[in-house]
Amino acid sequence: MSLALPEALFFTGIDWAAETHAVCVLDAAGKISAEFTIEHSADGIATLIHRLARCGAPGNLPVALERPDGRLVDLLLEAGHPVVPVKPNAIKTWRDGEVLSGAKSDAGDAVVIAEYLRLRAHRLRIVAPYSDETRALRTVVRARGDLVEMRVVATNQLSALLETHWPGAKAIFADVESPVSLEFLARYPTPAAAAHLGEKRMAAFCVKHGYCGRRTAAELLARLRSAPAGTTLESLTEALRDAVLAAVGVLTALNAAVKNLDRSIAAHLGEHPDGAIFTSLPRSGQVNAAQVLAEWGDARQAYEHPDSVAALAGVTPVTSQSGKHRSVHFRWACNKRFRVAVTTFADNSRHASPWAAKIYNDARASGKDHPHATRILARAWIRVIYRCWIDGTPYDPARHGAATALARQTTEQIAA
């Protein structure tokens, strides 16, 4: 939504910090009306809202700060204030131009933010509040994403440990973080523990822990034995045992936590009013559909057209032109989580949608690499999803004009 508040008489800038926030209120002429600090607490935020109320109705008192979310933002929105997130880089550039001495302080930054809001209000955008369902879904989706990143780090650490001291344990199963691999490491954390492991015992282990791979017990043992020999020093073996069991415990806990969040995501996605739209997309799945929806949001007034969504997701390029020079380059400034979610969906969709496969294949045929072709497909999907989202109807391939035209063309070619 464009911030168009010609009747606003005061503009507030907040320099956000972990414990205290510096606040500056400017009048329409740019004169400082109030300067103070508040604690990042319930009483501090209540004091802020109370002091701002002295200046007028909350709806006519925009507030700018360098972050788009958090409890401070939530409470300001609940009080009725238009909240404007400003980019830290923009504020830094603005401060460098206004404060020639280079002086910097929290109170000074609050003044700069308020002045930036006052002079550029016509170019800025307010935060579009999400529904409780979207905020709940985003909470569990982002928590899962953070845990998955932690699992990747823990897996790499365990892999490096095994590669150094016991390569066979890393090679026996395809994924070192899989439940069966972790069970094996918990039972046989060192080469000495697996020294007398035979084919019968290996087969019994696989049956007990539900191993569903295509390798027989003999093949698994061959992988174990053919790898470089692990350490056999007594003192190092004890240390290796402790280190491996610690890493296994971390990964086991992370796997359980991710699985629990998967169930929570499915539950919240089912309760969301727009859940059916995103789960109707080809090969979207529950988790990926929730990831796209959580970052897309449900505030219809936040996007003027599908290109706004595509820019937020980072799947549109940026053009730089000056004189005779013109270049098109990758968009770095975007919602990184959104880009990962929507490009993951686009990559999966081409295996179920002939229309998506054609767009991807045409992009690759023109010389684009895989990530670029996936972004092109994601941008095309965003236009389709946007129409479904605005209309509130699930995706139906039979109503997708380009998809049905391609299917008809394919049928005619086969008939001919």
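What counts as what
- Residues numbered from 1 in each chain as written.
- Predicted model: local features only at pLDDT ≥ 70, side-chain atom pairs only at ≥ 80, totals over all residues.
- Heavy atoms only, no water.
- Helix = DSSP H or I, 4+ residues; strand = E, 2+ residues; numbered from the N terminus.
- Rg over C-alpha atoms; globule rule 2.2 N^0.38 Å.
- Buried < 20%, exposed > 50% of the residue type's maximum accessible area, 1.4 Å probe, protein only.
- Contact = heavy atoms within 4.5 Å.
- Areas by Shrake-Rupley, 256 points an atom, 1.4 Å probe, with all protein chains shown as cover.
- Lys, Arg positive; Asp, Glu negative; His and termini not counted.
- Charge placed at Lys NZ, Arg CZ, Asp CG, Glu CD.
- Axes fitted to C-alpha atoms, helices over the stretch in contact; angles between N-to-C directions.
- Left-handed = near helix turned anticlockwise from the far one by under 90°.
- Nonpolar A, V, L, I, M, F, W, Y, C, P; charged D, E, K, R; others polar.
- Phe/Tyr/Trp six-rings, centres within 6.5 Å; stacked < 30°, edge-to-face > 60°.

Helix and strand counts for the chain come out as 17 helices and seven strands. Taken over C-alpha atoms, the radius of gyration comes to 28 Å for the chain, far larger than the 22 Å a tight globule of 416 residues would show. Once the C-alpha set of the chain is aligned to its principal axes, its extents read approximately 85 × 75 × 50 Å. Expressed as a percentage of the 416 residues in the chain, the buried residues total 40%. The long-range share in the chain, meaning contacts at least 24 apart out of those at least 6 apart in sequence, stands at 62%. Here the chain displays about 21800 Å² of accessible surface, and carbon together with sulfur accounts for 54% of that area. Counting 48 positive and 42 negative side-chain charges, the chain places the centres of these two groups 7 Å from one another.

This part covers the packing of helix H15 (residues 354–365) against helix H16 (residues 370–391). Where H15 contacts H16, the two axes come as close as 9 Å, and the packing angle between them is 140°. Judged by the sense of rotation from one axis to the other, the crossing of H15 with H16 is right-handed. Contacts between H15 and H16 involve Trp-355, Ala-356, Ile-359, Tyr-360, Ala-363 and Arg-364 from the first element and His-370, Ala-373, Thr-374, Ile-376, Leu-377, Ala-380, Trp-381 and Val-384 from the second. Counted by class, the contact of H15 with H16 contains 11 nonpolar, two polar and one charged residues.

Once that is clear, we can look at helix H12 (residues 286–296). Burial runs high along H12: eight of the 11 residues are buried. Listed as buried for H12 are Asn-288, Ala-289, Ala-290, Val-292, Leu-293, Ala-294, Glu-295 and Trp-296. Lining the buried residues of H12 we find helix H5 (132–165), helix H10 (234–271), helix H11 (275–279), helix H13 (306–312), helix H14 (336–349) and H16. Positive phi shows up at Gly-297, right after H12, with a value of about 85°.

Further remarks concern the packing of aromatic side chains. All chains considered together, the criterion is met by 16 aromatic pairs. Consider the rings of Tyr-386 and Trp-389, whose centres lie 6.0 Å apart with planes at 50°: the pair is tilted. With Tyr-386 and Trp-389 both in helix H16 and three residues apart, this pair spans about one turn of that helix. Accessibility expressed as a relative area gives 8% for Tyr-386, which makes it buried. Relative accessible area serves as the criterion here: at 0%, Trp-389 is assigned to the buried category.

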